[in-house]
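Per-entry structural report
One-letter residues, chain by chain:
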Amino acid sequence: GAPMAPLLGRPAGRSDAERKRPAPDVHVNEAIRTRPFWLLWVVLCLNVTAGIGVLGQASPMIQEMFPGVIGASAAAGFVGLLSLANMGGRFLWSSWSDVIGRQRTYMIFFALGAVLYALVPTTGRMGSVVAFVAAYVVIMSMYGGGFATIPAYLRDEFGVMHVGAIHGRLLTAWSLAGVAGLYLDRYGPGAVLGVYDVGSLDEVKKYCSIKLGATGQIEFFEEKPKQPFSTLIGIALYFYPKATLPL
C-alpha cells in the first residue's frame, strides 16, 4: 500500500480507527479538481474496460484456447462462472478493503491482475483448463471488487457530505469504459474470416459451417457438418492485422 500513498495523498501505516475515519468533507466542485479523484477515475475506467472486454470475449476465447476440449455449452458455463465471480468479488474485496485499507486493496488489483493477465497465455499452452478458468475467475472477482470498493474509497478521501455527487461524477469513467470495452471487442485488432450465406443447409454439408455471436464473433465452426446449424460458411478468406500476425 505504501507506493500508492503519495499518489493518493493519504499517509501509509494508519491504524484501523484512523483508516475508517472519513476525511473532512470536500465539496464536489473541489473534489473533481484534485489528483486523487482523477487517479481513481482512470483506475475505474481501466478496470471496467478490461472487465467488459473479458466478459464480451469469454465464450469464443476459451473455445479458441482449448479447441476440441471446450464446446459451446461449456463455454456458456464459463461465462456464467465469470458473472458469479464478478458478483462474489463485490462482497469479498469490498469487505477485505475494510480490513487492509483501500490503497492496499487496489495495489493487489494492479499487481495480481498484471501477473494473471500475463500468465493466461501460458495456461493455454499448457492445456490446463483449470488454471485458465481459475485465473479469469480471480480477475473477474477483482473487476467486481474494484467497482464495489470505489464508494468507500471516495468516502475515505473526500468525506461523507458530498460522496454521492462525487461518486456520480466518477461513474462517467464507467460510461466511457462501457463504450470503449465494447468497441475494442468488436473493432479492435484481430483476425477476420470471410463468410458467405449459401442459403441451403444441404449445401453447407460440403463446406465449413460457421456460427456467429451477437457481436459478429465466430463462436463455433465445424468442417463438413452432418447436421448444419446455419447456412453460413467460411470461404478461406483471412485478414490478419500486423498486431495479430507480425511478419
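Up top is the structure.
All of these numbers come straight from a predicted model, not from anything done at the bench. (Residues numbered from 1 in each chain as written. Predicted model: local features only at pLDDT ≥ 70, side-chain atom pairs only at ≥ 80, totals over all residues. Heavy atoms only, no water.)

1. Looking at the packing of aromatic side chains
This model, assessed by the stated rule, comprises 10 aromatic pairs. For the ring pair Phe-78 and Tyr-136, a centre distance of 6.4 Å and an interplane angle of 75 degrees mean the geometry is edge-to-face. Residue Phe-78 is located in helix H5 (residues 72-100), and its partner Tyr-136 is located in helix H7 (residues 129-158); the two are separated by 58 residues in the primary sequence. Taking the centre distance of 5.5 Å and the plane angle of 40 degrees together, the rings of Trp-93 and Trp-96 count as tilted. Remark: Trp-96 and Trp-93 occur in helix H5; sequence separation between them is three residues, near one turn of the helix. When its relative accessible area of 6% is taken as the criterion, Trp-93 is described as buried. (Phe/Tyr/Trp six-rings, centres within 6.5 Å; stacked < 30°, edge-to-face > 60°. Helix = DSSP H or I, 4+ residues; strand = E, 2+ residues; numbered from the N terminus. Buried < 20%, exposed > 50% of the residue type's maximum accessible area, 1.4 Å probe, protein only.)

2. Re the nonpolar core
Among the nonpolar cores identified, the biggest contains 42 residues, and Ile-62, Phe-78, Phe-132, Tyr-136 and Leu-170 are the most heavily contacted of them. At the level of elements, helix H3 (28-31), helix H4 (35-65), H5, helix H6 (102-126), H7, helix H8 (163-170) and helix H9 (172-187) are the ones that each hand at least two residues to this core. Beyond its immediate stretch of four places on either side in the chain, Tyr-136 contacts Val-54, Met-61, Phe-78, Leu-82, Tyr-117 and Val-120. (Core = buried A, V, L, I, M, F, W, Y, C linked by side-chain atoms within 4.5 Å. Contact = heavy atoms within 4.5 Å.)

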